[in-house]
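Breakdown of the fold
Chain residues, written in single-letter form:
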Amino acid sequence: MQSLDPLLSPARFEWGCATSAFQIEGASTANGKVPSIWDSFCAESGRIRDGNDGSVACDHFHRFADDVKLMADLGLRHYRFSIAWPRITRADNTLNAAGLDFYKRLLDALEHHGITPNATLFHWDLPAHLSGGWLNRETAYRFADYAELIARHLGDRLPRVATLNEPWCSAFLGYDLGVFAPGVQDRAQSLVAAHHLMLAHGLGLQAWRAVRSDTMLGIVLNPELCDPATPDGGDAQAARMAELERNDCFLNPLFGQEWPEELIHQIGPHAHVRHAGDTAICAQQLDFMGLNYYTRSIAQAPQSVRDKERGYTFVPPQEPKPLTDIGWEIYPEGLTRVVQNLLAQWPLPALWITENGAADNTEVAHGSVDDGMRCDYLRAHFAEVARLRSAGVDIRGYYVWSLLDNFEWAHGYSQRFGIVHVDFATQKRTPKRSALMLQGWLRA
Ligand code: FCB
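Residues numbered from 1 in each chain as written. Predicted model: local features only at pLDDT ≥ 70, side-chain atom pairs only at ≥ 80, totals over all residues. Heavy atoms only, no water.

Remarks on the site of the ligand
Close to the ligand lie Gln-23, His-123, Trp-124, Asn-165, Glu-166, Tyr-294, Glu-355, Trp-401, Glu-408, Trp-409 and Phe-417. In the model, an oxygen atom of the ligand is placed 3.0 Å from a nitrogen or oxygen of the Glu-355 side chain. Take Glu-408: an N or O atom from its side chain is 2.8 Å from an oxygen atom of the ligand. Starting from 290 Å² of accessible surface for the ligand in isolation, the protein chains cover 95%. More than half of the atoms belonging to the ligand lie within 2 Å of the grid points that define the largest pocket. Here the shell around the ligand is composed, by residue class, of 5 nonpolar, 3 polar and 3 charged. (Near = heavy atom within 4 Å. Polar contact = N/O pair within 3.5 Å; in protein donor to acceptor, adjacent residues only side chain to side chain. Areas by Shrake-Rupley, 256 points an atom, 1.4 Å probe, with all protein chains shown as cover. 1 Å grid on protein atoms, 1.4 Å probe; cavity = no way out; pocket = protein on both sides within 12 Å on 5 of 7 lines; lining within 4 Å. Sits in = over half its atoms within 2 Å of the grid points. Nonpolar A, V, L, I, M, F, W, Y, C, P; charged D, E, K, R; others polar.)

Re the nonpolar core
Ranked by internal contacts, the top residues of the largest apolar core, which has 143 residues, are Trp-38 and Ile-83. The contact partners of Ile-83, leaving out residues within four places of it in the chain, are Ala-21, Ile-88, Tyr-103, Ala-119, Thr-120, Leu-121, Asp-125, Tyr-146, Ile-150, Leu-154 and Leu-158. (Core = buried A, V, L, I, M, F, W, Y, C linked by side-chain atoms within 4.5 Å. Buried < 20%, exposed > 50% of the residue type's maximum accessible area, 1.4 Å probe, protein only. Contact = heavy atoms within 4.5 Å.)

Digging into unusual backbone geometry
In the segment running from Ala-181 into Pro-182, the intervening peptide bond is cis, with an omega of 5°. By the element assignment, Pro-182 lies in the loop between α7 (167-175) and α8 (187-211). Phi angles above zero are rare outside glycine, and Asn-31 is one such case at about 50°. For Asn-31, the location among the structural elements is in the loop between α1 (21-24) and α2 (37-43). Of note in this structure, Trp-409 is not a glycine but carries a positive phi near 50°. Inspection of the secondary structure puts Trp-409 in the loop between β11 (395-401) and β12 (420-423). (Helix = DSSP H or I, 4+ residues; strand = E, 2+ residues; numbered from the N terminus.)

As for the packing of aromatic side chains
Enumeration over the complete set of coordinates arrives at 34 aromatic pairs. Centroid distance Phe-64 to Phe-102: 5.5 Å. Interplanar angle 90°. Geometry classified as edge-to-face. With Phe-64 in helix α3 (residues 60-73) and Phe-102 in helix α5 (residues 97-112), the pair connects residues that are 38 residues apart, well separated along the chain. For Phe-64, a relative accessible area of 10% gives the class buried. The buried category is assigned to Phe-102, whose relative accessible area is 0%. On the basis of an interplanar angle of 50° and a centroid distance of 5.1 Å, the ring pair of Trp-124 and Phe-180 is categorised as tilted. Taken together, the residues span a long stretch of sequence, with Trp-124 in the loop between β3 (116-122) and α6 (137-154) and Phe-180 in the loop between α7 and α8 at a distance of 56 residues. Overall, Phe-180 belongs to the buried group, its relative accessible area being 10%. (Phe/Tyr/Trp six-rings, centres within 6.5 Å; stacked < 30°, edge-to-face > 60°.)

As for helix α13 (residues 333-345)
The terminal C-alpha atoms of α13 lie 19 Å apart, and with 13 residues this matches the ideal 18 Å at 1.5 Å per residue to within 8%. For α13, the complete set of buried residues consists of Gly-334, Leu-335, Thr-336, Val-338, Val-339 and Leu-342. Contact partners of the buried residues in α13: α9 (233-254), β7 (288-292), β10 (350-355) and α14 (372-390). (Expected span 1.5 Å × (residues − 1).)

Some words on the sheet that holds strand β8 (residues 297-300)
If you trace the 3 strands from one edge of the open sheet to the other, you get β6-β8-β9, paired in mixed fashion. The open sheet terminates on both sides in strands that have one partner only, identified here as β6 (226-228) and β9 (313-314). As judged from the 3 bridges shared by β6 and β8, these two strands associate in the parallel manner. Bridge pairing links Asp-227 to Ile-298 in β8. (Pairing = 2+ DSSP bridges.)

Some thoughts on α7
Taken across its 9 residues, α7 has 9 buried, putting it largely inside the fold. Listed in full, the buried residues belonging to α7 are Pro-167, Trp-168, Cys-169, Ser-170, Ala-171, Phe-172, Leu-173, Gly-174 and Tyr-175. Each element contacted by the buried residues of α7 is listed here: β3, β4 (160-165), α8, β5 (216-221) and α9.

A word on the side chain of His-196
Tracing the backbone shows His-196 in helix α8. Overall, the relative accessible area of 2% leaves His-196 in the buried class. Of the polar contacts made by the side chain of His-196, one reaches the backbone oxygen of Trp-134; its length is 2.9 Å. If sequence neighbours within four positions are ignored, His-196 has contacts with Trp-134, Leu-135, Asn-136, Arg-137, Ala-140 and Val-273.

Here you go:
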């Protein structure tokens, strides 16, 4: 793709970039912000690569005005960001007006530059004082209180709001694999967390709609495309189990369907956390769905004892495939395949690609960053989005992950996903070749 496909013309299609609060804001104790589970997790030794944390990150809390201007200069007219729950509420769960003020100033800057905000209420930074985290049903009710606060205080300025970002990561990376906060390794508990997250989503939508009816409301998922390693029946079943965990576990409740038997079996002795009536709460009307897509997975029949609980083992592609610097296979056609698979199974609302991008760790040389791999990756994925649109799929926008190099969770600062390079020692921003490529298209 040398120029933008007319189906993706900015006149008819939303182009934006995405970030999340914990990954860019820093200022982790400013204006009465309380700790999140990610602050606590970063403080535990051995959790984050190189012992890094989010206390400064991109210092966006102090530099947001310049960052918004940069976005505008690049021609991006839509911005997906997340609100840090621990900035907004105090330890007694009441409003922290000083924290809220940061988002008011951010929204002022976006408005000034004609950039439309697209907010996510929860991108993993759960307030640490919520006892039991997502294992506690009460957390879902506290999320609804928080959603209501945002609806009351910022709702008039937020046309589109997602409740959760990638609840699969919060539940399974946080409570099964234990590589994300809070670092628990217990398969059955991860399903408890998944259930409470979806309950939070449903209660959050109810709470928001009780305050206002003019917001487009939805959720952001990272659905899975999992291919079996071989045609063997055991591998096919493994791929199915991976997709049940990553897709059905979240999409079924959204559309009023119960979990498949296999997941009920895996939650085992905790099945009682799923109260009668919960599925109906989860199945609130969705005005949109955000899909995040990076790669696919390949599964074989489970090998280890822990993988047998899960039902699959992930393996690398059999033949060497191009990978991004984080080691994820570059598989653009997976975007089309996963969307088609989802549409075949669930009555999806209007779709946005809310994240897509590549870790390309190319550094600054002579004042510029020649991130050719990212440019190729993005072009190939834009072509898939155009393909879906030409097939009549209702995809309305694309947000590149990410505006800035940032704190990439357990990888610390070792993986650079930004279209703008950040020198973390000086906080200098340098737009990469990918950013200039987009700028050229969006301005044309
Ligand atoms: C997604 C997350 C986002 C970022 C990208 C690389 O799963 O939503 O915060 O880490 O992956």
